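# Architecture and fold: a report
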Amino acid sequence: MSTNPGQEAVLAQQEHAAHDEHAAHEDAGISQFFFGRVPEGVHGGLKQYSLLAIFLGIITLVEFLIIVPEGLQGSGVVIAPLVILSVIKFFCVVAFFMHLKFENPLLWQIFVAGLVLGLIVALSLVLLFGVFRPTPRAFSEPRIEPFEHHVEDAHAVIERPLPDELPPPANPADLAPAAPAGGAAAGASPGQTLFVGTAACASCHTIQGVAQGVLGPPLDGIASVAGNRISGYSAEEYIRESILEPDAYTAGSADGLSQDYQEGLMSATMAGIVLSDEDVEALVEFLLQLR
Amino acid sequence: MAHADTTHAPPAHPPAHEEETTTGINHRKLLMWVFLGSDCLFFGSLIATYMVYRGQSIVGPYPRDIIDVPITTVSTFVLLMSSFTMVMGVAAARSGNQKRLIQWLVLTIILGGTFIGFQVYEFNLFRVEGLRYETNLFSSTFFTLTGFHGAHVTLGLFWLACLAIMAARNPAGRPSDLDVDIAGLYWHFVDIVWIVIFTLLYLIGGFDGPPEAGHAAVQGWNWVTGLIS
């Protein structure tokens, strides 16, 4: 194997460093350590490293302070400063704690190659799956998989015996802001939005033009019949109880419906859904309009 | 490298671990850097997966409900300081001060263990609050990424403990300064991965909520729920 001049220089430098290591160690001043050119094999001491640790600690504190104002939390303007600060931290650790600044340049190349490859992988994934969302072209429509089997799967899940321990319900405070995401038509009442959205009523109940569920009784005209279901209950009281205590009364063929419905199904499927008092009132108000 | 052998006299104080290699870099050290480069790809993929699914969870708890930035800032600081104690350990090993080496290693282990303690507390709290691994896209990608990072830290703790025990037991079996150096590289790498995770998952992504109306994730959800009928 031939020896190239670059390698020779590196070797000579290494030997030089090995001889002078202790002297250089003592001599590397702070400014030389951080900013100057120092021979290979030179390292820092307590003074240099504690300065760097304090610097990194301050950066961490600044990063935290940036996101303390509530207006800035999660906003786009903080992204650039936070990324810049963490890149500074990242390369300070690599250069000084991992002493890559004082090493053979080949190690930089190896590490940066891995780092760049990693960044390319990350960027490609984000672009492929997070940013570019092509719309299928017309010719592919007949081939788009029908989703009937999803319906079957969903029924299988609903009919499955319940696990002993149900997952804790989601925080009700979060459900409210998510409600507009329910896909309700523009101008829909809050109750209707809940009905098709987070309250998930639409999964099982039918209302013409709103929902097509089949597992529970249809709710068209519920406001007209609700008052006759249980003696002594007004329509409003009956609807409210049916939401809050679904098992109290299960409507069926005795009420003039086309079939009997499974008892206990609604309380089981609603177990993971938390509705606030306002949500319940909005639903009652919406259902009372269905005459 | 015969050229170098014949023209140069052997160094007066040959360090025990220096070997002649074609690159001029010790093979073990080179291997560690190659590994760290490849680990960038590993964590890059996990971070990208988190970013791809970020803000698409259609059920809670969402990051803004559950992420505690102040506590994690403290644990980030603790891990950062463990990098400082580690580099002091490497310096102690290089100057041959065995006692100091053990002290710095033990300090590093305590700080690293504290970081893991914070993570155990955080994971447990999240679980109790309803964020299980399978709860939503956020929980799955979050636990995978931070869990693998925690596993790296835990492995590093075992490694450092082995070095400390080796150094304490007898002079013959004590770790060379290269042994400590390489363990230090691994330890610092775990620290820089956390620098990235802390910024992206906590400082930037820690306030994410549910997706907005009209988002593809919401449309898909409504489509499926509409079909379940």
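Structure report, in brief. Small disclaimer: the values here were computed from a predicted structure and weren't measured.

Our next topic: the overall build of chain A. Of regular secondary structure, chain A possesses 12 helices and two strands. Taken from N to C terminus, the helices and strands of chain A fall in the order α-α-α-α-α-α-α-α-β-β-α-α-α-α. A buried classification covers 37% of the 291 residues belonging to chain A. Across chain A, every contact between residues at least 6 apart in sequence was considered, and the portion connecting residues at least 24 apart equals 47%.

What follows covers helix α3 (residues 46–66) of chain A. For α3(A), spanning 21 residues, the distance from its first C-alpha to its last is 30 Å, which sits close to the expected 30 Å at 1.5 Å a residue. Residues of α3(A) that are buried include every one of A:Gln48, A:Tyr49, A:Leu52, A:Ala53, A:Leu56, A:Gly57, A:Ile59, A:Thr60, A:Glu63, A:Phe64 and A:Ile66, and no others. Where α3(A) is buried, its residues meet α2 (30–35) and α4 (79–97) of chain A together with α4 (69–94) and α7 (177–204) of chain B.

Another aspect to go through is the packing of aromatic side chains. The way to describe two aromatic rings as a pair is by their centre distance and the angle between their planes. Residues and elements named next belong to chain A. Per the counting criterion, the structure on display carries 23 aromatic pairs over all chains. Ring centres of Tyr49 and Phe97 lie 6.1 Å apart, and the angle between their planes is 55 degrees; on these two criteria the pair is classed as tilted. One end of the pair, Tyr49, is in helix α3; the other, Phe97, is in helix α4, and 48 residues separate them in sequence. A relative accessible area of 1% places Tyr49 in the buried class.

This part covers a nonpolar patch on the surface. All names here are of chain A. Taken together, the side chains of Ile79, Val83, Val87 and Phe91 make up a nonpolar region of the molecular surface, amounting to roughly 270 Å² of accessible area. With respect to the helices, strands and loops of the structure, Val87 is situated in helix α4. Residue classification places Val87 among the partly exposed residues on the basis of a relative accessible area of 40%.

Residues and elements named next belong to chain A. The backbone of His99 sits at a positive phi, close to 40 degrees, despite the residue not being glycine. Within the secondary structure, His99 sits in the loop between α4 and α5 (105–131). We classify His99 as buried; its relative accessible area is 2%. Its identity is not glycine, yet Ala200 carries a phi of approximately 65 degrees, on the positive side. Ala200 sits in the partly exposed class, given a relative accessible area of 25%.

Evaluated as defined, the whole model comprises nine salt bridges over all chains. One salt bridge connects A:Arg229 with A:Asp255, and the closest N-O pair in it is separated by 3.9 Å. With a gap of 26 residues between them, A:Arg229 in the loop between α9 (222–225) and α10 (235–244) and A:Asp255 in the loop between α10 and α11 (265–269) connect regions that are remote in the sequence. What makes A:Arg229 buried here is its relative accessible area of 15%. In this structure, B:Lys29 and B:Asp181 form a salt bridge, with 3.1 Å as the shortest nitrogen-oxygen distance. Of the two residues, B:Lys29 sits in helix α2 (residues 27–53) while B:Asp181 sits in helix α7, which places them 152 residues apart along the sequence. Residues B:Lys29 and B:Asp181 agree in their burial class; the two are buried. Several salt bridges share partner residues, and in doing so they unite A:Glu103, B:Lys29 and B:Asp181 into one network.

Moving on to the environment of B:Pro211. All names here are of chain B. Tracing the backbone through its elements, the reader meets Pro211 in the loop between α7 and α8 (216–227). Owing to a relative accessible area of 8%, Pro211 belongs among the buried residues under this scheme. Sequence separation of Pro211 and Gln56 is 155 residues, and the distance between their C-alpha atoms is 5.4 Å.

Before going further, it helps to spend a moment on the environment of A:Ala53. Relative to the elements of secondary structure, A:Ala53 occurs in helix α3. Sequence spacing of A:Ala53 and A:Val93 is 40 residues, and the spatial spacing of their C-alpha atoms is 9.2 Å. Not counting chain neighbours up to four residues away, the residues in contact with A:Ala53 comprise A:Phe97, B:Met81 and B:Phe84.

Contact pair α4(A) / α7(B): the axes reach a minimum separation of 9 Å and the direction vectors enclose 175 degrees. The angle between α4(A) and α7(B) places the two elements in the roughly antiparallel class. Contact residues: α4(A) offers A:Ile79, A:Leu82, A:Val83, A:Ser86, A:Lys89, A:Phe90, A:Val93, A:Val94 and A:Phe97, while α7(B) offers B:His188, B:Asp191, B:Ile192, B:Ile195, B:Val196, B:Thr199, B:Leu203 and B:Ile204. A breakdown of the residues in the contact of α4(A) with α7(B) according to their chemical character gives 12 nonpolar, three polar and two charged.

A few words on α4(A). Compared with the 27 Å implied by 1.5 Å per residue over 19 residues, the 26 Å span of α4(A) between its first and last C-alpha is a close match. Among all positions of α4(A), only A:Leu82, A:Leu85, A:Ser86, A:Lys89, A:Phe90, A:Cys92, A:Val93, A:Val94, A:Ala95, A:Phe96 and A:Phe97 are buried. Buried residues along α4(A) sit in contact with α2, α3 and α5 of chain A together with α4 and α7 of chain B.

Thresholds, definitions, all that
- Residues numbered from 1 in each chain as written.
- Chains lettered and ligands numbered in written order.
- Predicted model: local features only at pLDDT ≥ 70, side-chain atom pairs only at ≥ 80, totals over all residues.
- Heavy atoms only, no water.
- Helix = DSSP H or I, 4+ residues; strand = E, 2+ residues; numbered from the N terminus.
- Buried < 20%, exposed > 50% of the residue type's maximum accessible area, 1.4 Å probe, protein only.
- Contact = heavy atoms within 4.5 Å.
- Expected span 1.5 Å × (residues − 1).
- Phe/Tyr/Trp six-rings, centres within 6.5 Å; stacked < 30°, edge-to-face > 60°.
- Patch = residues over 30% accessible without salt bridge, like charges linked within 9 Å, V, L, I, M, F, W, Y side chains within 5 Å.
- Areas by Shrake-Rupley, 256 points an atom, 1.4 Å probe, with all protein chains shown as cover.
- Salt bridge = Lys/Arg side-chain N within 4 Å of Asp/Glu carboxyl O.
- Axes fitted to C-alpha atoms, helices over the stretch in contact; angles between N-to-C directions.
- Parallel < 35°, antiparallel > 145°, perpendicular 65-115°, else oblique.
- Nonpolar A, V, L, I, M, F, W, Y, C, P; charged D, E, K, R; others polar.

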